[in-house]
Amino acid sequence: MAEPRSATSIQTILKRIARGGTAPQFDPPRFHPFPARMPIWLAREFIENLSEPGETVLDPMVGSGTTAIAALLAGRNVIGTDIDPMALLLSRVGTTAYNAEKSARVLAEILDRAKRRLDRRLSVDGVRNNFEEDGQEFLKFWFPPRSQKELFALATEVAKIPAGKHRDLAWVVFSSLIIAKASGASYALDIARSRPHKVEDKPILNPLEGWELKSKSVLKRLPLASGPAEEVTADVHRADARKLSVPDRSVALVVTSPPYINAIDYMRTHKFSLLWMGHELSDLRDIRGTMIGTERGMYSPDSLPPKLEDRIVESIDAPTRLGVVRRYLSDMRRVLLEIHRVLKPGGAVVMALGPSVIASDKPDAGTVIGGLAESVGFLKVCSSFRPLEESRRSLPPPLAARRGNSLGLRMAGEVFLGLQKP
Ligand SMILES: C[S@@+](CC[C@H](N)C(=O)[O-])C[C@H]1O[C@@H](n2cnc3c(N)ncnc32)[C@H](O)[C@@H]1O
């Protein structure tokens, strides 16, 4: 068994990151947008300093797959879970090695077949009839008729190829026609930042015209062009971070960034693509209800440690906000219990957190989530605040952050919390 991680190494790496002591590095552009992701170089820094080659790293809220990609590049096995189908798709593709020529061929064939399908006079009503009523309304509101027809032709052809890595890749190309930083196939602006609003006269990317370009840019940006570094594996699967299907004491290190409290509604954006992939809006709403950090919940929160309960009741007047905070902390307690269960003794946890949980005017995530972690058996090693470069923030626009409103404060930096299982 590997030596338990020392608390000193956790402290050293977190302090170094907070001081900006690691030379600022920038990630190469990613193959698909995703809000609030961690830079790959940063995840790799944690992984290389806090685990050994061949060990297993876990990210139970893997998002776009940052931890998983970094772990493979560093020669570690990785388990990544999430409940958002878009996160799982991106993580699977990010951790898979693709042969560029073969993939380009598959993608080009999809385009050819979609063009032929469109020649057979697809009507826009005929397209929408394939969806439930709420889906039809959604498509009509957000997508120009031409986009609807072309996306339908492409989606039908993608769905026809056998399930597996090439179909996944094709869905990523498909989604990048819609969820795009600049122009996409819908009327939605700001869609890559998860706060779409409708602008009918914005430039529209016609899907059949955009497919080839998007195929090239996705293929060029895949992180594992030459395969993982060693004989290591990535296990990306759907699971709720509060109830993992990972064996007890099997993981050496956890690197994760849970959703910030009430900040980003991942489903609001992802449904623009997922609807075309066969997910119904009602299913996506159900998934949204089980997301940590969202306003609505499908279950009542567990009770919190009495000191923490007193603290939130004393600090928060508004009943709605109290409910949201209580639910967030209850969810985070369950996540911490699961992480504690699957971690080997001596194993480390690094969490990137939104700076404020209870307070709206100062970073308190280190003490609040750190205290919660101690209550489930962790040793809190340290926490540190790291300001985020403006260009890297996903929400809100930098101006709001400069004005110092509370949402701005939350997103102007992040807290890194270092824990150890004794
Ligand atoms: C801040 S993002 C993670 C970003 C990731 N570190 C990256 O670099 O892309 C938080 C993730 O937590 C996921 N999540 C929310 N609730 C969850 C739950 N109950 N179980 C598992 N994942 C969940 C969201 O779907 C989202 O992908």
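First things first, this report covers the structure right here in the doc. No experiment lies behind these values; they were computed from the predicted model shown. (Residues numbered from 1 in each chain as written. Predicted model: local features only at pLDDT ≥ 70, side-chain atom pairs only at ≥ 80, totals over all residues. Heavy atoms only, no water.)

So, about the overall build of the chain. Within the chain one finds 17 helices and 9 strands. Looking at the chain residue by residue over its 422 residues, the buried ones come to 55%. Taking the contacts inside the chain whose residues are at least 6 apart along the sequence as the reference set, 77% of them involve residues at least 24 apart. Summed over all atoms, the accessible surface of the chain reaches about 18,300 Å², with 50% contributed by carbon and sulfur. (Helix = DSSP H or I, 4+ residues; strand = E, 2+ residues; numbered from the N terminus. Buried < 20%, exposed > 50% of the residue type's maximum accessible area, 1.4 Å probe, protein only. Contact = heavy atoms within 4.5 Å. Areas by Shrake-Rupley, 256 points an atom, 1.4 Å probe, with all protein chains shown as cover.)

What follows covers the site of the ligand. The local shell around the ligand holds 24 residues, among which Met38, Ser64, Thr66, Asp82 and Ser257 are the closest. Take Ser257: an N or O atom from its side chain is 2.7 Å from a nitrogen atom of the ligand. The pocket occupied by the ligand, as judged from atoms lying within 2 Å of grid points, is the largest cavity. Residue composition of the shell around the ligand, grouped by class: 14 nonpolar, 5 polar and 5 charged. (Near = heavy atom within 4 Å. Polar contact = N/O pair within 3.5 Å; in protein donor to acceptor, adjacent residues only side chain to side chain. 1 Å grid on protein atoms, 1.4 Å probe; cavity = no way out; pocket = protein on both sides within 12 Å on 5 of 7 lines; lining within 4 Å. Sits in = over half its atoms within 2 Å of the grid points. Nonpolar A, V, L, I, M, F, W, Y, C, P; charged D, E, K, R; others polar.)

So, on to the nonpolar core. One recurring pattern in soluble globular proteins: nonpolar side chains tend to sit buried together. Phe143, Leu154, Phe174, Ile178, Trp211 and Trp276 are the most contacted members of the largest nonpolar core, which totals 59 residues. Where this core is concerned, the elements lending two or more residues are helix H4 (85-94), helix H5 (100-119), helix H7 (133-142), helix H8 (145-160), helix H9 (165-178), helix H10 (207-221), helix H11 (266-274) and helix H12 (281-289). The greatest single-element share of this core, amounting to 8 residues, is contributed by H9. A domain-level breakdown of this core finds at least three residues from each of domain 1 (7-94 + 236-259 + 297-420) and domain 2 (100-221). (Core = buried A, V, L, I, M, F, W, Y, C linked by side-chain atoms within 4.5 Å. Domains from an automatic or database assignment.)

Another point: the pairing of strand E1 (residues 56-59). For a regular strand, side-chain orientation follows a simple rule: the groups alternate between the two sheet faces. What you see with E1 is no split at all: Thr56 and Leu58 on one side and Val57 and Asp59 on the other are buried throughout. In this sheet, strand E2 (residues 77-82) lies alongside E1 in parallel orientation, the contact comprising 4 bridges. Across the sheet, Leu58 pairs through a bridge with Ile79, a residue of E2. The handedness of the E1 to E2 crossover, carried by helix H3 (residues 66-73), is right-handed. Pairing analysis gives 2 bridges linking E1 to strand E6 (residues 251-256), with the strands arranged parallel. The residue of E6 that forms the bridge with Leu58 is Val254. (Pairing = 2+ DSSP bridges. Right-handed = clockwise from strand over helix to strand, strands pointing away.)

What follows deals with helix H2 (residues 40-50). Along H2, 8 of the 11 residues are buried, which leaves the element largely enclosed by surrounding structure. Among the residues making up H2, those that are buried are Ile40, Trp41, Leu42, Ala43, Glu45, Phe46, Ile47 and Leu50.

Turning next to the side chain of His270. With respect to the secondary-structure elements, His270 resides in helix H11. His270 gets classed as buried once you look at its relative accessible area, which sits at 2%. Polar contacts involving the side chain of His270 include one to the side chain of Asp84, which spans 2.6 Å.

With that settled, consider empty space enclosed by the protein. What the rule picks out here adds up to 5 cavities of 30 Å³ or more. Empty space within the largest cavity amounts to approximately 610 Å³. Around the largest cavity sit 42 residues that line it, and Ala36, Ser257, Pro258, Pro259 and Tyr266 are the ones nearest its centre. Elements with a contribution of two residues or more to the lining of the largest cavity: H3 and E2. Looking at side-chain class alone, the lining of the largest cavity contains 23 nonpolar, 9 polar and 10 charged residues. (Points joined across faces, edges and corners; volume = space filled by probe spheres on them.)

This part takes up a positive patch on the surface. On the surface, Lys181, Arg193, Arg195, Lys220, Arg221 and Arg268 cluster together into a positively charged patch. Secondary-structure assignment places Lys181 in the loop between H9 and strand E3 (188-189). We classify Lys181 as exposed; its relative accessible area is 71%. (Patch = residues over 30% accessible without salt bridge, like charges linked within 9 Å, V, L, I, M, F, W, Y side chains within 5 Å. Salt bridge = Lys/Arg side-chain N within 4 Å of Asp/Glu carboxyl O. Lys, Arg positive; Asp, Glu negative; His and termini not counted. Charge placed at Lys NZ, Arg CZ, Asp CG, Glu CD.)

One open sheet accounts for 7 strands, arranged E5-E2-E1-E6-E7-E9-E8; its pairing is mixed. For this open sheet the edge positions go to strand E5 (234-238) and strand E8 (379-387), each flanked by a neighbour on one side alone. Taken over all neighbouring pairs, the strand axes of this sheet differ in orientation by 15 degrees on average, direction set aside. Here E2 runs beside E5; their pairing, made up of 5 bridges, is parallel. Its bridge partner being in E5, Gly80 is matched across the sheet by Val236. Along the sheet face, helix H1 (residues 7-18) touches strand E7 (343-353), E8 and strand E9 (413-420) and points at about 10 degrees away from the line of E8. Packed onto the sheet, H3 meets E1, E2, E5 and E6 and runs at close to 175 degrees relative to E2. (Axes fitted to C-alpha atoms, helices over the stretch in contact; angles between N-to-C directions.)

Another aspect to go through is the pattern of salt bridges. Evaluated as defined, the whole model comprises 21 salt bridges. When the shortest N-O distance is used, the salt bridge between Asp27 and Arg30 registers 3.4 Å. Looking at Asp27, the relative accessible area reads 14%, which means it is buried. Of the residues examined, Arg30 reaches a relative accessible area of 14% and is grouped as buried. A salt bridge links Glu414 to Arg386, with the shortest nitrogen-to-oxygen separation between them at 2.9 Å. On the criterion of sequence distance, the pair formed by Glu414 in strand E9 and Arg386 in strand E8 is long-range, its members being 28 residues apart. A single burial state applies to Glu414 and to Arg386, both of which are buried. The network of salt bridges with common partners includes Asp240, Arg242, Arg327 and Asp331.

On to the environment of Phe34. Following the sequence through the fold, Phe34 ends up in the loop between H1 and H2. Phe34 gets classed as buried once you look at its relative accessible area, which sits at 10%. Each C-alpha atom of the pair Phe34 and Tyr266 lies 8.6 Å from the other, and the pair is 232 residues apart in sequence. Residues in contact with Phe34, not counting those within four places in the same chain, are Gly63, Ser64, Asp84, Ala87, Leu90, Tyr266 and His270.

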